[in-house]
Amino acid sequence: NVKEEINLADLDTLAKKNFPPCMKHLHEVLKANHHLKHDGRLIYGLFLKSIGLRYELFIEFWRNEFTKKMDEDSFNKHHLYNFNHQYGKVGRRVSYSAYSCMKIIMNVVAPGDPHGCPFKCFGPDNLRAKLVEEGISEQKISEIENIAHSDHYQLACTKYFEAVHSQPPKVTINHPTSYFQQSISLIKD
Ligand code: SF4
């Protein structure tokens, strides 16, 4: 089960087409603000590692974004160690796993912070706007909203997957990495 290499040049397209809504949102917020707070960095970083972004590109990615707003020295001083640590290159060299849906859903998210599960954390208007933006039909949007509003976030995400890929995932969504892998494999089939 060898992971294919991810190129930085493909990341925007992958985020748009193959990332689950949680990671797509973190990607968009990072691209817009050139910054993410601690939890967002951790959750998005571990996800990127889990889908096969190799170490050198991982650091280059964060450096590129962060140094749009801060100089190289500040990045090296304040952030490089943490990204190295996240990837398991320094400190106890632990290979941290990417967060599962449950872990993301249970995580405490302050209003406006971008690192929650959108099906739980987006307000109803914002969720609807995002679904409309994806070109999802009104009927499917209502289905997704109903499931999300009854607190079945992973089922809502599974329905969402089905709506944007015109077929359901083989395995019910329970992990952002699984969402990504299933999305990619559909495209290859
Ligand atoms: Fe992400 Fe899981 Fe929420 Fe889907 S259900 S948006 S994969 S946290």
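Residues numbered from 1 in each chain as written. Predicted model: local features only at pLDDT ≥ 70, side-chain atom pairs only at ≥ 80, totals over all residues. Heavy atoms only, no water.

Let us look at the site of the ligand. Contacts to the ligand come from 13 residues, most closely from P20, C22, C101, C117 and C157. Residue assignment for the shell around the ligand shows that the elements contributing at least two residues are α2 (21–33), α7 (101–106), α8 (118–121) and α11 (153–165). Among the elements that make up the shell around the ligand, the one with the highest residue count is α11 (three residues). Residues of the shell around the ligand, tallied by class, amount to twelve nonpolar, one polar and no charged. Looking at which domains feed residues into the shell around the ligand, each of domain 1 (8–86) and domain 2 (110–188) gives three or more. (Near = heavy atom within 4 Å. Helix = DSSP H or I, 4+ residues; strand = E, 2+ residues; numbered from the N terminus. Nonpolar A, V, L, I, M, F, W, Y, C, P; charged D, E, K, R; others polar. Domains from an automatic or database assignment.)

This next bit is on the pattern of salt bridges. A full pass over the atoms with the stated rule returns 13 salt bridges. With its nearest N and O atoms 3.6 Å apart, the salt bridge here joins D12 to K31. In this pair, D12 sits in helix α1 (residues 11–17) while K31 sits in helix α2, placing the two residues 19 residues apart along the sequence. One salt bridge connects K37 with D113, and the closest N-O pair in it is separated by 2.9 Å. One end of the pair, K37, is in the loop between α2 and α3 (38–50); the other, D113, is in the loop between α7 and α8, and 76 residues separate them in sequence. Given a relative accessible area of 19%, D113 falls into the buried group. One network of salt bridges, with partners in common, ties together D12, K31, E65 and K68. (Salt bridge = Lys/Arg side-chain N within 4 Å of Asp/Glu carboxyl O. Buried < 20%, exposed > 50% of the residue type's maximum accessible area, 1.4 Å probe, protein only.)

Take the side chain of N18 next. Its location among the elements puts N18 in the loop between α1 and α2. Judged by its relative accessible area of 4%, N18 is buried. Here the side chain of N18 touches S183 through a polar contact of 2.8 Å, side chain to side chain. (Polar contact = N/O pair within 3.5 Å; in protein donor to acceptor, adjacent residues only side chain to side chain.)

Turning to the packing of aromatic side chains, a few remarks are in order. Taken as a whole, this structure holds 19 aromatic pairs when the rule is applied. Each ring, one from F47 and one from F180, has its centre 6.3 Å from the other, and the planes form 85°; the classification is edge-to-face. One end of the pair, F47, is in helix α3; the other, F180, is in helix α12 (residues 176–188), with 133 residues separating them in the sequence. Neither residue differs from the other here; F47 and F180 are each classed as buried. The structure contains a cluster of three or more aromatic residues connected by ring pairs, namely F19, Y44, F47, Y55, F58, F61, W62, F66, F75, F83, Y87 and F180. (Phe/Tyr/Trp six-rings, centres within 6.5 Å; stacked < 30°, edge-to-face > 60°.)

This part takes up the packing of α2 against helix α4 (residues 55–66). Look at α2 against α4: their axes get within 8 Å of each other, and the N-to-C directions meet at 45°. Relative to α4, α2 is oriented oblique. From α2, H27, L30 and K31 reach across to α4, where they touch F61, W62, E65 and F66. (Axes fitted to C-alpha atoms, helices over the stretch in contact; angles between N-to-C directions. Parallel < 35°, antiparallel > 145°, perpendicular 65-115°, else oblique. Contact = heavy atoms within 4.5 Å.)

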